[in-house]
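# Reading the structure
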Amino acid sequence: MADKIKNAKIVFVVGGPGSGKGTQCEKIVAKYGYTHLSSGDLLRAEVASGSERGKQLQAIMQKGELVPLDTVLDMIKDAMIAKADVSKGYLIDGYPREVKQGEEFEKKIGAPALLLYIDAKGETMVKRLMKRGETSGRADDNEETIKKRLDLYYKATEPVIAFYEQRGIVRKINSELPVDEVFAIVEKAIDELK
């Protein structure tokens, strides 16, 4: 089964909360026929399914512990194989969070062709998230929590970006621009993959 995804185009998508990463992923899916896989969404879906694996995951998360790396990778791999016949490529969103995760991903699944780094200034992300908080009712969208999440995100992401920059596959995209202008830059990066 894993052969099905051996030569797949894999794009890691990295961006802080409120960077506009989700919006850009939707646009890539619509235009290029890629499959968007978010490790967070996969975990939530697994828990919601009530499967054996879902129950184990729920127990881990309720304790506030991190889900084992192998489990996350297996879920991503299963999801990729499930979509192999219809997918033109894969957007792996919110992963890897650290260099070791990237290395494990490559051992088990394959190497990314591109890392899209969707980046906005810290204060822009805070503003966007505060705005989202007004409409989403998400309890974690308050300024103090947001700043903590951003700090954690930057600490975790910097080594990952540096690791892939050495390979020359990082495209840093300034997401301060209007959405369509950001997407024009994203399109250029993806068109170069052919």
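Note that this is a predicted model, so its numbers are computed, not measured. (Residues numbered from 1 in each chain as written. Predicted model: local features only at pLDDT ≥ 70, side-chain atom pairs only at ≥ 80, totals over all residues. Heavy atoms only, no water.)

### Quick notes on the overall build of the protein
Rules: The helix count covers DSSP runs of H or I at least four residues long, the strand count covers runs of E at least two residues long, and both are numbered beginning at the N terminus. As defined in this context, the radius of gyration uses C-alpha atoms, and a globule is described by 2.2 Å times the residue total to the power 0.38. Relative accessible area decides the class of each residue, using a 1.4 Å probe on protein chains only: under 20% of the type maximum gives buried, over 50% gives exposed, and in between gives partly exposed. Residue exposure ignores everything except the shown protein chains as possible cover, and the areas themselves are Shrake-Rupley values with a 1.4 Å probe. Counted charges follow a simple rule, with Lys and Arg positive, Asp and Glu negative, and His plus the chain ends left uncounted. In plain terms, the charge of a residue is placed at NZ if it is Lys, CZ if Arg, CG if Asp and CD if Glu.
Secondary structure summary: the protein contains 8 helices and 5 strands in total. Here the C-alpha atoms of the protein give a radius of gyration of 17 Å, agreeing with the 16 Å that 2.2 N^0.38 yields for 194 residues. For the protein, the proportion of its 194 residues judged to be buried stands at 44%. Surface summary for the protein: the accessible area is close to 10,700 Å², and the carbon and sulfur share equals 52%. One finds the centroid of the 32 positive side-chain charges in the protein at a distance of 2 Å from the centroid of its 31 negative side-chain charges.

### Considering helix α1 (residues 21-32)
Filter applied, for reference: Multiplying one less than the number of residues by 1.5 Å gives the expected span of a helix. Think of it as the arc spanned by the lines of direction from the helix axis to the C-beta atoms. We call two residues in contact whenever any of their non-hydrogen atoms come within 4.5 Å of each other.
Given a rise of 1.5 Å per residue, 12 residues ought to cover 16 Å, and the 16 Å separating the end C-alpha atoms of α1 matches this to within 8%. Looking at α1, one finds that the buried residues are Lys-21, Gln-24, Cys-25, Ile-28 and Tyr-32. In an axial view of α1, the angular spread of the buried residues amounts to 105°, which keeps them on one side of the axis. Away from its buried face, by an angle of more than 90 degrees, α1 presents the exposed residues Glu-26 and Ala-30. Tucked inside the fold, the buried residues of α1 contact β1 (10-15), β2 (35-38), β3 (90-93), β4 (114-119) and α8 (179-191).

### Overview of the UniProt feature "binding site: AMP" (unreviewed entry) in the protein
To be explicit about the condition: UniProt positions are given in the numbering used here, feature names are shortened, and annotations may be inferred rather than shown by experiment. Each polar contact in these results corresponds to two N or O atoms within 3.5 Å; when the atoms are within protein, one needs to be able to donate a hydrogen and the other to accept it, and residues that are neighboring in sequence are counted only if both atoms are side-chain atoms.
The UniProt record annotates "binding site: AMP" (unreviewed entry) at Ser-39, Arg-44, Glu-65, Leu-66, Val-67, Gly-94, Tyr-95, Pro-96, Arg-97, Gln-101, Arg-138 and Arg-149. Within the secondary structure, Arg-44 sits in helix α2 (residues 39-49). Judged by its relative accessible area of 53%, Arg-44 falls in the exposed class. Locating Gln-101 in the fold gives a position in helix α5 (residues 99-108). Those residues in contact with Gln-101 that lie beyond four places of it in its chain are Leu-69, Tyr-95 and Pro-96. Within the local environment of Gln-101, its side chain forms a polar contact with the backbone nitrogen of Arg-97, the two atoms lying 2.5 Å apart.

### Observations regarding the packing of aromatic side chains
Describing an aromatic ring pair means giving the distance of the ring centres and the angle of the ring planes. Counted only if it meets this: Planes of paired rings set the category: under 30 degrees apart is stacked, over 60 is edge-to-face and the rest tilted, where pairs are Phe, Tyr or Trp rings (Trp by its six-membered ring) whose centres lie within 6.5 Å.
Per the stated rule, a full pass over the model turns up 6 aromatic pairs. A centroid spacing of 5.0 Å and a plane angle of 80° characterise the contact between Phe-12 and Phe-105, whose relative ring orientation is edge-to-face. Of this pair, Phe-12 sits in strand β1 while Phe-105 is found in helix α5, placing the two residues 93 residues apart along the sequence. On the accessibility criterion, Phe-105 (0% relative accessible area) is buried. The interplanar angle of 85° and the centroid separation of 4.9 Å between the aromatic rings of Phe-163 and Tyr-164 together place this pair among those described as edge-to-face.

### Observations regarding the pairing of β3
Across a regular strand the side chains alternate sides, sitting on one face of the sheet and then on the other. Threshold: One requirement defines pairing of two strands: DSSP has to find at least two bridges between them.
Where burial is concerned, the two faces of β3 agree: the one with Tyr-90 and Ile-92 and the one with Leu-91 and Asp-93 are both buried. As defined by bridge partners, β1 adjoins β3 across 4 bridges and the pair is classed as parallel. Counterpart to Val-13 in the pairing with β3 is Asp-93. Of the pairings in the sheet, the one linking β2 to β3 comprises 4 bridges and is parallel in character. Its bridge partner lying in β3, Thr-35 is registered against Tyr-90.

### Side note on the environment of Glu-176
For Glu-176, the position within the fold is in the loop between β5 (170-174) and α8. Residues Glu-176 and Ala-120, spaced 56 residues apart in sequence, show a C-alpha to C-alpha distance of 5.5 Å. Among residues more than four places away in sequence, those in contact with Glu-176 are Asp-119, Ala-120, Lys-121, Thr-124 and Arg-128. Within the structure, Glu-176 has its side chain in polar contact with the backbone nitrogen of Lys-121 (distance 2.6 Å).

### Some details on the nonpolar core
What counts, and what does not: Grouping buried Ala, Val, Leu, Ile, Met, Phe, Trp, Tyr and Cys residues that are joined through side-chain atoms within 4.5 Å yields what is termed a nonpolar core.
Ile-76, Met-80, Ile-92, Phe-105 and Leu-115 are the most contacted members of the largest nonpolar core, which has 34 residues in total. For this core, the elements supplying multiple residues, two or more each, are β1, α2, α3 (52-62), α4 (69-82), β3, β4 and α7 (143-165). In terms of residue count, α4 provides more of this core than any other element does, 8 residues in total. Excluding anything up to four places from it in sequence, Ile-92 contacts Ile-10, Val-11, Phe-12, Val-13, Leu-37, Ile-76, Met-80 and Phe-105. Formed by 17 residues, the second largest nonpolar core is a distinct cluster that contains Cys-25, Leu-116, Ile-118 and Ile-173.

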